[in-house]
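# Close look at the chain arrangement
If you want the building blocks of each chain, they are given just below.
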Amino acid sequence: MKLMEDRIRKDGIIENGDVLKVGSFLNQQIDVDFIRTCGREFYRLFGGEQSGVTKILTVEASGIGLACLCAIPFGVPVVFAKKSKSNNISGEVYTAPVYSFTHGTTYTVMIPKSLLSPGDRVLFIDDFLARGAALEGLADICHAAGATVVGAGIFVEKTYQGGGEALRKRGIRVESLARIRSMSPEEGVQFC
Ligand code: 5GP
């Protein structure tokens, strides 16, 4: 999506080689009009009766605002996985461990069992796809719940970190609005 690539060129800041800061339009500050346009693009890709999306799933915290805006054309609820440092979670919840390369720690994502059922057809929405651990965790939870994964709508995929390839190999349809093949403070961002 040219609009997303142009926005990254204009407002993205490359930090430590591997982290793209998009705090002025996607993360800390959210450009609502822009995200709604992205949501319509995800609806073009994943909407309609054939896909039959019943729920949009994301991970707290940065995914929530984006997923809510993208859910508008779909007219379905958003569920977000909570993150917890503890592996010792009780109650009726699905959990999956996720290793965060950005923070160098493992956390647990959890979703109450009451919010996901075998009839659900789930679309993942997330800001970034890097090594894919977060979405692998969500896919494991959907598998445990018997829900169907329709696909993943990603704002920015860093293809060189391999997460997209791993998810696609797993049979998950991944659609990314911008696909970065390399980036550095010297050379800037190179798109696929
Ligand atoms: P993954 O699990 O795919 O390795 O990482 C996905 C999560 O890490 C995203 O939800 C996002 O919060 C964070 N992340 C990974 N790479 C970047 C990046 O370059 N910039 C920002 N802002 N977040 C990132």
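Anyway, here's the lowdown on the structure attached to this text. (Residues numbered from 1 in each chain as written. Predicted model: local features only at pLDDT ≥ 70, side-chain atom pairs only at ≥ 80, totals over all residues. Heavy atoms only, no water.)

The next subject is the pattern of salt bridges. One pass over the full model with this rule turns up 14 salt bridges. Note that R7 is salt-bridged to D11, the shortest N-O span being 2.7 Å. Here D11 and R7 lie together in helix 1 (residues 2-11), a separation of four residues that amounts to about one turn. Across the pair E175 and R173 runs a salt bridge whose closest N-O atoms are separated by 3.0 Å. Each of R7, K10, D11 and D31 takes part in a single network of salt bridges with overlapping partners. (Salt bridge = Lys/Arg side-chain N within 4 Å of Asp/Glu carboxyl O. Helix = DSSP H or I, 4+ residues; strand = E, 2+ residues; numbered from the N terminus.)

Glancing now at the site of the ligand. Surveying the vicinity of the ligand reveals 16 residues, the closest of which are L20, A130, R131, G132 and K158. Here an oxygen atom of the ligand sits 3.1 Å away from a polar atom, N or O, in the side chain of D126. A distance of 3.1 Å separates an oxygen atom of the ligand from a polar atom in the side chain of D127. Listing elements by their share of the shell around the ligand, those giving two or more residues are strand 2 (19-21), strand 7 (121-129) and helix 4 (133-145). Of the residues in the shell around the ligand, the class split is seven nonpolar, four polar and five charged. (Near = heavy atom within 4 Å. Polar contact = N/O pair within 3.5 Å; in protein donor to acceptor, adjacent residues only side chain to side chain. Nonpolar A, V, L, I, M, F, W, Y, C, P; charged D, E, K, R; others polar.)

Looking now at the sheet that holds strand 9 (residues 174-184). Sheet strands pair by backbone hydrogen bonding; their relative direction is either parallel or antiparallel. Spatially, 5-6-4-3-7-8-9-10 is the arrangement adopted by the eight strands of the open sheet, whose pairing is mixed. The open sheet terminates on both sides in strands that have one partner only, identified here as strand 5 (93-100) and strand 10 (188-191). Going across the sheet, the axis of each strand differs from the next one's by a mean of 30 degrees, ignoring polarity. As judged from the three bridges shared by strand 3 (residues 55-59) and strand 7, these two strands associate in the parallel manner. Looking at the pairing, K55 lines up with V122 of strand 7. Each of strand 3, strand 4 (78-84), strand 7 and strand 8 (148-158) touches helix 3 (residues 62-74); the most contacted strand, strand 3, lies at about 165 degrees to it. (Pairing = 2+ DSSP bridges. Axes fitted to C-alpha atoms, helices over the stretch in contact; angles between N-to-C directions. Contact = heavy atoms within 4.5 Å.)

Next up on the list: the packing of helix 2 (residues 32-46) against helix 3. Orientation of helix 2 relative to helix 3, taken along the N-to-C sense of each, is 50 degrees, at an axis distance of 8 Å. When the interaxial angle is binned, helix 2 and helix 3 end up oblique. The interaxial crossing formed by helix 2 with helix 3 has right-handed handedness. Residues V32, I35, R36, G39, R40, F42, Y43 and F46 of helix 2 form the contact with helix 3, whose own contacting residues are L66, L69, C70, I72, P73 and F74. In terms of residue class, the contact of helix 2 with helix 3 is built from 11 nonpolar, one polar and two charged. (Parallel < 35°, antiparallel > 145°, perpendicular 65-115°, else oblique. Left-handed = near helix turned anticlockwise from the far one by under 90°.)

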